[in-house]
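One letter stands for each residue in the lines below.
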Amino acid sequence: LGPMVLIKAFMTLPTPPEIVWDLLHDPVYRIEWDDARLEGYLVTQLSQNCDIGYYAGKATRPVWDRDFLNQRAWYTVGGGEYVIFNTSVPHAKCPLDPKTYVRGLSKISGYLIRPWCDGGCTLTYISNADPKGWIPTSFTNALVSRFSPAMMAKIRRAAANFEGWRSKIP
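Procedures and definitions
- Numbers given for residues are sequential positions, taken from 1 along each chain in its written order.
- Owing to the predicted nature of the model, reporting of local features is limited to residues with pLDDT of at least 70; listing and counting of side-chain atom pairs is limited to 80 or more, with chain, interface and lining totals taken over all residues.
- Calculation of side-chain values draws on the structure's entire complement of heavy atoms; hydrogens and water are dropped beforehand.
- For the exposure calls, accessible area comes from a 1.4 Å probe over protein chains only, and a residue counts as buried if that area is under 20% of its type's maximum, exposed if over 50%, partly exposed in between.
- Counting from the N terminus, the helices are the DSSP runs of H or I reaching at least four residues and the strands are the DSSP runs of E reaching at least two.
- For two strands to be treated as a pair, DSSP must find at least two bridges joining them.
- Every residue carries a pLDDT, the predictor's confidence in it, which falls somewhere between 0 and 100.
- The salt bridge criterion pairs a side-chain nitrogen of Lys or Arg with a carboxyl oxygen of Asp or Glu, the two atoms within 4 Å.
- The term nonpolar core refers to a set of buried residues drawn from Ala, Val, Leu, Ile, Met, Phe, Trp, Tyr and Cys, joined through side-chain atoms within 4.5 Å.
- The contact definition used throughout considers only heavy atoms, calling two residues in contact when any of these lie within 4.5 Å.
- Pairing of aromatic rings covers Phe, Tyr and Trp, the last counted by its six-membered ring, and requires centre-to-centre distances within 6.5 Å; plane angles under 30 degrees mean stacked, over 60 mean edge-to-face, and any other angle means tilted.

Participant: Would you mind going over the pairing of strand E1 (residues 5–13) with me for this structure?
Facilitator: Side-chain direction in a regular strand flips from residue to residue, so the side chains alternate between the two faces of the sheet. Along E1, the buried face is formed by Val-5, Ile-7, Ala-9, Met-11 and Leu-13; none of Leu-6, Lys-8, Phe-10 and Thr-12, which line the opposite face, is buried. Direction of pairing for E1 relative to strand E8 (residues 121–130): antiparallel, over a ladder of nine bridges. Bridge pairing in E8 places Met-11 opposite Leu-123.

The following block contains the structure:
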């Protein structure tokens, strides 16, 4: 079985917190910036600020691609602070497809967005997950050391381009 992976990443952005909040909630824009995404969709809306969603992502060979079925909740804390977090759950509408993916487990993962100087924000990402299945130790070590900085760099680029992209939508 795969090892538990604990990731923490932090960065400051010149982007206002509400823009980063919108960016992280936009499933259409995610297709533009998340090159690891194979598929993703809303399974069910549980309440105004809670849903269950599906996400499948690419893995580097020889490791199989992973998918996750997560219950996500999000809150506007006030004062320009936002929280998004998730945990894995089962759902009848989204059974495991072992021929295509290994179903990973998110114990808890999420983002904290806070205002920062000059109208920007800080973004903290934390994840405690078990990717499940067979993964070589060297791959796990590479994942932990490279995934967080690469993901944060993608979010930084996506944040810089989000407003321009959104303004082109009719």
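Let us keep going from here.
Participant: Looking at this model, I keep getting lost on the pairing of strand E3 (residues 50–57). Mind explaining?
Facilitator: For E3, the tally of buried residues reaches seven of eight residues, placing the bulk of the element in the interior. Here eight bridges tie E3 to strand E4 (residues 66–78), and the two strands are oriented antiparallel to one another. Pairing of Tyr-55 across the sheet is with Phe-68, part of E4.

Participant: What exactly am I supposed to notice about the confidence of the model for the chain here?
Facilitator: Any region with low pLDDT has predicted coordinates that should not be read closely. Here the chain averages 91 in pLDDT, and 98% of its residues register 70 or above. Taking the mean pLDDT of every element in the chain, the minimum, 86, falls on helix H3 (residues 137–167) and the maximum, 97, on strand E5 (residues 81–88).

Participant: Could you clarify how one ought to interpret unusual backbone geometry in this entry?
Facilitator: Where the residue is not glycine, phi is negative for most of them; where a peptide bond is considered, it is trans in most cases. Of note in this structure, Asp-118 is not a glycine but carries a positive phi near 60°. Tracing the chain through its elements places Asp-118 in the loop between strand E7 (105–115) and E8. A positive phi angle, close to 60°, is found at Lys-132, a residue other than glycine. Given a relative accessible area of 27%, Lys-132 falls into the partly exposed group.

Participant: Hey, could you run me through the pattern of salt bridges in this one?
Facilitator: Any two side chains of opposite charge can pair if their charged atoms end up close together. Counted according to the given criterion, the structure contains eight salt bridges. A salt bridge links Lys-154 to Asp-35, with the shortest nitrogen-to-oxygen separation between them at 2.5 Å. With Lys-154 in helix H3 and Asp-35 in the loop between helix H2 (27–33) and strand E2 (37–47), this pair connects stretches of sequence that are 119 residues apart. Beyond isolated ion pairs, a larger network of salt bridges with shared partners links Asp-22, Glu-163 and Arg-166.

Participant: Sorry, what's going on with the nonpolar core here?
Facilitator: The nonpolar side chains of soluble globular proteins are, as a tendency, buried together. In terms of nonpolar packing, the biggest core is built from 27 residues, with Leu-23, Leu-24, Tyr-111, Ile-113, Leu-123, Met-152 and Ile-155 touching the most fellow members. Of all elements in the fold, only E1, helix H1 (17–25), H2, E5, E7, E8 and H3 reach the threshold of two or more residues within this core. Here this core takes seven residues from H3, the largest share from any one element. Residues in contact with Leu-23, not counting those within four places in the same chain, are Tyr-29, Trp-33, Ile-155, Ala-158, Ala-159 and Phe-162. Membership of the second largest hydrophobic core comes to eight residues, among which are Tyr-54, Ala-56, Leu-69 and Val-89.

Participant: Help me out: how do you make sense of the packing of aromatic side chains in this one?
Facilitator: Aromatic ring pairs are reported here in terms of the distance separating the ring centres and the angle at which the planes meet. All told, the structure shown has seven aromatic pairs when counted by the stated rule. Aromatic side chains Phe-162 and Trp-165 sit 6.1 Å apart centroid to centroid with 20° between the ring planes, which places their arrangement in the stacked category. Placement of the pair is Phe-162 and Trp-165 together in helix H3, with a separation of three residues, close to one helical turn. Look at Trp-165 and you get buried, because its relative accessible area is 17%. Taken together, Tyr-29, Phe-162 and Trp-165 form an aromatic cluster joined through their ring pairs.

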